[in-house]
Amino acid sequence: MLSRRNFLTAAVGVAAATGLAACAKEDDGSSGSGSGGSKALVLGFSQVGSESGWRSANTDSVKAAAKEAGYTLKFSDAQQKQENQISAIRSYITQGVDVIAFSPVVVTGWDAVLKEAKAKKIPVVLTDRSVETSDESLYVTLVGSDFTEEGRRAGKILEKVIAKAGLKGQVKIAQLEGTTGAAPAIERAKGFKEVMDADHADDWKIVVSQTGDFTRAGGKQVMAAFLQSNPDVNVLFAHNDDMAIGAIQSIEAAGKKPGKDILIVSIDGVKDGFVAMSEGKINAIVECNPLLGPQLMEVVQKVKDGKPVERWIKTKEGDFMQDQAAAALPTRKY
Ligand code: GYE
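The text that follows walks through the structure, step by step, so that each part is easy to find. (Residues numbered from 1 in each chain as written. Predicted model: local features only at pLDDT ≥ 70, side-chain atom pairs only at ≥ 80, totals over all residues. Heavy atoms only, no water.)

All right, on to the sheet that holds strand 2 (residues 42-47) then. With parallel pairing, the six strands of this open sheet are ordered in space as 3-2-4-5-6-13. Both edges of this open sheet fall to strand 3 (72-77) and strand 13 (312-314), since each of them pairs with a single strand only. Averaged over neighbouring strand pairs, the angle between their axes works out to 20° when direction is ignored. Of the pairings in the sheet, the one linking strand 2 to strand 4 (residues 99-102) comprises four bridges and is parallel in character. Note on strand 4: the bridge partner recorded for Phe45 is Ala101. Lying over the sheet, helix 2 (residues 82-95) contacts strand 2, strand 3 and strand 4, oriented at roughly 170° with respect to strand 2. (Pairing = 2+ DSSP bridges. Helix = DSSP H or I, 4+ residues; strand = E, 2+ residues; numbered from the N terminus. Axes fitted to C-alpha atoms, helices over the stretch in contact; angles between N-to-C directions. Contact = heavy atoms within 4.5 Å.)

In the vicinity of the ligand there are 13 residues, among which Glu51, Asp128, Arg129, Asn240 and Asp268 approach most closely. Arg55 is positioned with one of its side-chain polar atoms (N or O) 3.0 Å from an oxygen atom of the ligand. Asp128 places a polar side-chain atom, nitrogen or oxygen, 2.8 Å from an oxygen atom of the ligand. When isolated, the ligand has an accessible area of 300 Å², and the protein chains bury 100% of it. The cavity where the ligand resides is the largest cavity. Elements supplying a minimum of two residues to the shell around the ligand: helix 1 (53-69) and helix 5 (183-199). (Near = heavy atom within 4 Å. Polar contact = N/O pair within 3.5 Å; in protein donor to acceptor, adjacent residues only side chain to side chain. Areas by Shrake-Rupley, 256 points an atom, 1.4 Å probe, with all protein chains shown as cover. 1 Å grid on protein atoms, 1.4 Å probe; cavity = no way out; pocket = protein on both sides within 12 Å on 5 of 7 lines; lining within 4 Å. Sits in = over half its atoms within 2 Å of the grid points.)

Let us now look at the environment of Asp319. Structurally, the position occupied by Asp319 is in strand 14 (residues 319-321). Take Asp319: its relative accessible area is 34%, and that puts it in the partly exposed class. For Asp319 and Ala154, which are 165 residues apart along the polypeptide, the C-alpha to C-alpha distance reads 8.6 Å. Not counting chain neighbours up to four residues away, the residues in contact with Asp319 comprise Arg153, Ile157, Ile285, Val286, Glu287 and Gln324. At 2.9 Å, the side chain of Asp319 and the side chain of Arg153 are in polar contact. (Buried < 20%, exposed > 50% of the residue type's maximum accessible area, 1.4 Å probe, protein only.)

Here we take up the packing of helix 6 (residues 216-229) against helix 7 (residues 241-253). Contact geometry for helix 6 and helix 7: axes closest at 7 Å, N-to-C directions at 45°. With respect to helix 7, the element helix 6 is oriented oblique. In this structure, the crossing between helix 6 and helix 7 has a hand that is right-handed. Note on element contacts: helix 7 touches helix 6 through Asp242, Met243, Ile245, Gly246, Ala247, Gln249, Ser250 and Ile251, opposite Arg216, Gly219, Lys220, Met223, Ala224 and Leu227. (Parallel < 35°, antiparallel > 145°, perpendicular 65-115°, else oblique. Left-handed = near helix turned anticlockwise from the far one by under 90°.)

Our next topic: helix 4 (residues 147-165). Relative to the 27 Å expected for 19 residues at 1.5 Å per residue, helix 4 spans 26 Å between its end C-alpha atoms, a close match to the ideal helical length. Residues Phe147, Thr148, Glu150, Gly151, Arg153, Ala154, Gly155, Ile157, Leu158, Val161 and Ile162 constitute the buried set of helix 4. Residue Gly166 follows helix 4 closely and has a positive phi angle near 70°. (Expected span 1.5 Å × (residues − 1).)

Attention shifts here to the nonpolar core. Formed by 27 residues in total, the largest nonpolar core has its most connected members in Ala154, Leu158, Val161, Ile173, Phe192, Trp204 and Val265. At the level of secondary structure, the elements contributing two or more residues to this core comprise helix 1, helix 4, strand 7 (171-177), helix 5, strand 9 (235-238), strand 10 (263-268) and strand 11 (284-287). With six residues, helix 4 is the single largest residue contributor to this core. Both domains that furnish three or more residues to this core are identified here as domain 1 (9-144 + 291-314) and domain 2 (147-288). (Core = buried A, V, L, I, M, F, W, Y, C linked by side-chain atoms within 4.5 Å. Domains from an automatic or database assignment.)

This next bit is on the pairing of strand 11. On strand 11, burial covers both faces: Ala284 and Val286 on one face and Ile285 and Glu287 on the other are all buried. With four bridges connecting them, strand 10 and strand 11 associate as parallel partners. Residue Ile267 lies in a different strand from strand 11, and its bridge partner there is Val286. Handedness of the crossover joining strand 10 and strand 11 through helix 8 (residues 271-278): right-handed. Alignment of strand 11 against strand 14, held across three bridges, turns out to be antiparallel. Note that in strand 14 the partner of Val286 across the bridge is Asp319. (Right-handed = clockwise from strand over helix to strand, strands pointing away.)

Given below as structure tokens:
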């Protein structure tokens, strides 16, 4: 099972690497004033990519919070490729940063590079997404959401959406999955299926399911294909808002009304998702908060100082139905 299920409090034996300070620490402009003359903490951060509105908000939050904390941030965008993340992490190891944080694009395949970090005593903090590893000591903590719970919440809110729309008879669901092998794709599908298996074995069915890679273009293209192969779908469950927004374009192009002919539930709660919801095109959104920067910086400092941190620091989030969209829109921060 995914190691993120482990709630153990980990005592962090860190005290990273005084001897590593020899490396060049060029300031990339994102460090702030820091605490009076003492050397700024150097954080290497490997981001997944820039695939979605969620990701842009997350990147902005990380950069702003690092600056606010006075850290020197070395940031790289992996363009959704694991090999790019691995080389970014390797380069942070070579540079001898104080702490490495990253949001793993997929769950598997990290042990080798994480062992290299451990050998150099550089602590690793996961943010947003989890990894599967046989060695729990390879990372200190995960700062991020409970995606399985988000999937369950999507299932539960779909019950409300169906009741509200008065949809009777067989519920034929199209699922747009996130990036194949990514924690949020695996776990959101799992949580949603749990609700389906427990309470809707007879009346709900996922008739078609495929990845749209968390992007608008992916959502649009895959939904167009779904509508060809399964023109009778009446519900779309999209693992993020961007894919739902892409799918809406294909639904409209097929002469159908999103939010009416096809009921839509998605996850994230980015501004454009709320706009689509206030226009009646998305029926409900399960929030997944990307503003992890401040929490991450706090944890990074503790880890650097060798203080204990929880094994999984969860994000708090809510659910929104369509009738709340217009009122909530001006207050959305991302
Ligand atoms: O839901 C999606 C993004 O990992 C929680 O990644 C994140 C997901 C988010 O691309 O929009």
